[in-house]
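Take a look at the letters that make up each chain.
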Amino acid sequence: MLRRDIKDYHFRADAHTGLTMRWGKTLHDNPSWAPVPELADLSISNHCSKECAYCYRESARNNDFLSVNDYCKVLDAMRHPEYGNVFQVAIGGGEPLEHPDFVKIIDATLERGIVPNFTTNGIFLTEDVCRAIQGKVGAVALSVTSVTELQEEKIAMLRKYTIRTNIHYVLSAKNIEEAIEIVSGKYEAHFAGVNAIIFLTYKPAGRGTKEDALRRGEQLDRFVKMVNAHQNKGLKIGFDACFVPNLLHAGFGRPELVDVCEAGYFSVYVDHKMNVSPCSFSGGRDAWSLKEYDFYDIWVNMFKGYRNRQQNRCEHNDCVAHEVCRGCCPYYPQITTCYDN
Ligand SMILES: C[S@@+](CC[C@H](N)C(=O)[O-])C[C@H]1O[C@@H](n2cnc3c(N)ncnc32)[C@H](O)[C@@H]1O
């Protein structure tokens, strides 16, 4: 169990279950940010031969990889001189499994006491890969935009090696009807062996087009209603932080128990060129290079302006979540559907 108590910031994290907890001065307070990020989202390449038509990173067959050496430099830069390192990393790209040194990257992460997780299109997932990473990773996420893309044989393979598997479902205006069916339990059998399905908000970024972004309206209302009714179903469901304002505004759950956008407060993104920014969707905004600056100079000082701007941008004074929600996404305001964008 990782225990971190730094002044009014308290954090516990269990590498085995992935369970994390944080509190502030007392158990009833939320700390405003973490002196050491809890999670780092790391892109280890921008190379991907699948070349999805909606990829926000515009990844392609470009052999643009972060070297293992530079990857280690990123991890070591994130180790705070007094308080230790991030608890976990979410490795992405590009396609992580096309990185020539992928297993070395997993091992280098573990050697530093950090939990590695990664997200993949699954194409290059083999028995050899599963054997090499068995017992080493927190979870693997397989990305899809439709139930028809679920690779059930890959899910079964991961299960055989007892590797916790999530499905990352990119939720857009195109597939929201299917998402409603998923939440209603229609495809439960297809998700056998899956830990949870996480809905990722579609971003109109890179090759992602504006037309496919989620819109306020009857379909989104129906989706949130199904989520609210879901509680006792077998398949666990979750959301990326970008979707949280939409859920909270629609009256989902108890706002004080829901994690709002953590980017730049509790989590950080480092791209394959070693640029540090609050999240992977900043598109070069609020970004500083590790080749020029010390990581904690960026995290503590350079991010200060962003954090001040983002503390609470919620303009809905009457919303039940007004006090806790950060409000509109600074990078893609149109994805925060409770706003008139
Ligand atoms: C860029 S991919 C890189 C990792 C890996 N190649 C994969 O397919 O999971 C990381 C995640 O971003 C998601 N993604 C790609 N384009 C997106 C977009 N326009 N909006 C939201 N998520 C997107 C993918 O589905 C995947 O879950």
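Residues numbered from 1 in each chain as written. Predicted model: local features only at pLDDT ≥ 70, side-chain atom pairs only at ≥ 80, totals over all residues. Heavy atoms only, no water.

Quick word on the overall build of the protein
Then comes step 1: The helix and strand tally for the protein stands at nine helices and 13 strands.
Then comes step 2: Its C-alpha atoms put the protein at 50 × 45 × 35 Å along the principal axes.
Then comes step 3: Expressed as a percentage of the 341 residues in the protein, the buried residues total 52%.
Then comes step 4: Summarising the internal contacts of the protein: among those between residues at least 6 apart in sequence, 65% fall at separations of at least 24.
Then comes step 5: With the model as given, the accessible surface of the protein reaches about 15,900 Å², and the carbon-plus-sulfur share is 50%.
Then comes step 6: Placing the 39 positive and 43 negative side-chain charges of the protein at their respective mean positions leaves the two points 1 Å apart. (Helix = DSSP H or I, 4+ residues; strand = E, 2+ residues; numbered from the N terminus. Buried < 20%, exposed > 50% of the residue type's maximum accessible area, 1.4 Å probe, protein only. Contact = heavy atoms within 4.5 Å. Areas by Shrake-Rupley, 256 points an atom, 1.4 Å probe, with all protein chains shown as cover. Lys, Arg positive; Asp, Glu negative; His and termini not counted. Charge placed at Lys NZ, Arg CZ, Asp CG, Glu CD.)

Details of the nonpolar core
Then comes step 1: Formed by 67 residues in total, the largest nonpolar core has its most connected members in Met78, Val89, Phe191 and Phe223.
Then comes step 2: Those residues in contact with phenylalanine 223 that sit more than four places away from it in its chain are Leu171, Ile176, Ala179, Ile180, Val183, Phe199, Phe239 and Phe243.
Then comes step 3: With 18 residues, the next largest nonpolar core counts Ile6, Tyr265, Tyr306 and Tyr332 among its residues. (Core = buried A, V, L, I, M, F, W, Y, C linked by side-chain atoms within 4.5 Å.)

A word on the domain arrangement of the protein
Then comes step 1: If you check the domain split of the protein, you get domain 1 (1-137) and domain 2 (139-239).
Then comes step 2: Using only C-alpha atoms to locate each centre, domain 1 and domain 2 end up separated by 22 Å.
Then comes step 3: Counting residues at the interface gives 26 residues for domain 1 and 22 residues for domain 2.
Then comes step 4: Interface area, domain 1 with domain 2, both sides summed: about 2,000 Å², of which 51% is carbon and sulfur.
Then comes step 5: For the domain 1 face of the interface with domain 2, the top three residues by lost area are Tyr54, Leu125 and Glu127, together amounting to 27%.
Then comes step 6: The interface formed by domain 1 and domain 2 includes one salt bridge.
Then comes step 7: Two residues, glutamate 127 and lysine 160, come together in a salt bridge whose shortest N-O distance is 3.0 Å.
Then comes step 8: For the interface between domain 1 and domain 2, the tally reads 19 residue pairs in polar contact (both at pLDDT 80 or more).
Then comes step 9: At the level of elements, β6 (115-120) and α3 (127-133) are the ones that each hand at least two residues to the side of domain 1 that touches domain 2.
Then comes step 10: Take the side of domain 1 that touches domain 2: its biggest share by element is five residues, from β6. (Domains from an automatic or database assignment. Buried area = accessible area lost by both parts, 1.4 Å probe. Salt bridge = Lys/Arg side-chain N within 4 Å of Asp/Glu carboxyl O. Polar contact = N/O pair within 3.5 Å; in protein donor to acceptor, adjacent residues only side chain to side chain.)

Let's talk about the pattern of salt bridges
Then comes step 1: Applying the stated rule across the entire model yields 20 salt bridges.
Then comes step 2: The salt bridge involving aspartate 70 is made with lysine 73; its shortest N-O contact spans 3.6 Å. In this pair, aspartate 70 and lysine 73 both sit in helix α1 (residues 68-77), three residues apart, roughly one turn of the helix.
Then comes step 3: A salt bridge links glutamate 177 to arginine 222; the nearest nitrogen and oxygen atoms lie 2.6 Å apart. With a gap of 45 residues between them, glutamate 177 in helix α5 (residues 176-183) and arginine 222 in helix α6 (residues 218-230) connect regions that are remote in the sequence.

Observations concerning the site of the ligand
Then comes step 1: Looking at the ligand, there are 16 residues lining it, with Tyr54, Glu95, Thr119, Ser143 and Lys203 nearest.
Then comes step 2: Glutamate 95 is positioned such that a nitrogen or oxygen atom in its side chain is 3.0 Å from a nitrogen atom of the ligand.
Then comes step 3: At 3.3 Å, a backbone N or O of threonine 120 approaches an oxygen atom of the ligand.
Then comes step 4: Contact with the protein chains hides 93% of the accessible area of the ligand, taken as 540 Å² for the molecule alone.
Then comes step 5: Tallied by class, residues from the shell around the ligand come to six nonpolar, eight polar and two charged.
Then comes step 6: Split by domain, the shell around the ligand shows at least three residues from each of two domains, domain 1 (1-137) and domain 2 (139-239). (Near = heavy atom within 4 Å. Nonpolar A, V, L, I, M, F, W, Y, C, P; charged D, E, K, R; others polar.)

Considerations on the state of the cysteines
Then comes step 1: Across all of its chains, the model carries zero disulfides by this definition.
Then comes step 2: The closest cysteine sulfur to the non-disulfide-bonded cysteine 55 is located on cysteine 52, 6.4 Å from its own sulfur.
Then comes step 3: Among the residues examined, cysteine 55 registers a relative accessible area of 16% and is labelled buried. (Disulfide = S-S within 2.5 Å.)

A look at the sheet that holds strand β7 (residues 140-144)
Then comes step 1: One open sheet holds the 10 strands; their spatial order is β10-β9-β8-β7-β6-β5-β4-β11-β12-β13, and the pairing between them is mixed. Single-partner strands in this sheet number two, and they are β10 (236-239) and β13 (288-289).
Then comes step 2: Strand direction decides the pairing type here: strand β5 (residues 88-92) and β6, joined by four bridges, are parallel. Residue pairing in the sheet places alanine 90 in a bridge with asparagine 117 of β6.
Then comes step 3: On the sheet, helix α2 (residues 102-111) packs against β5 and β6 and is oriented at approximately 150° with respect to β6. (Pairing = 2+ DSSP bridges. Axes fitted to C-alpha atoms, helices over the stretch in contact; angles between N-to-C directions.)

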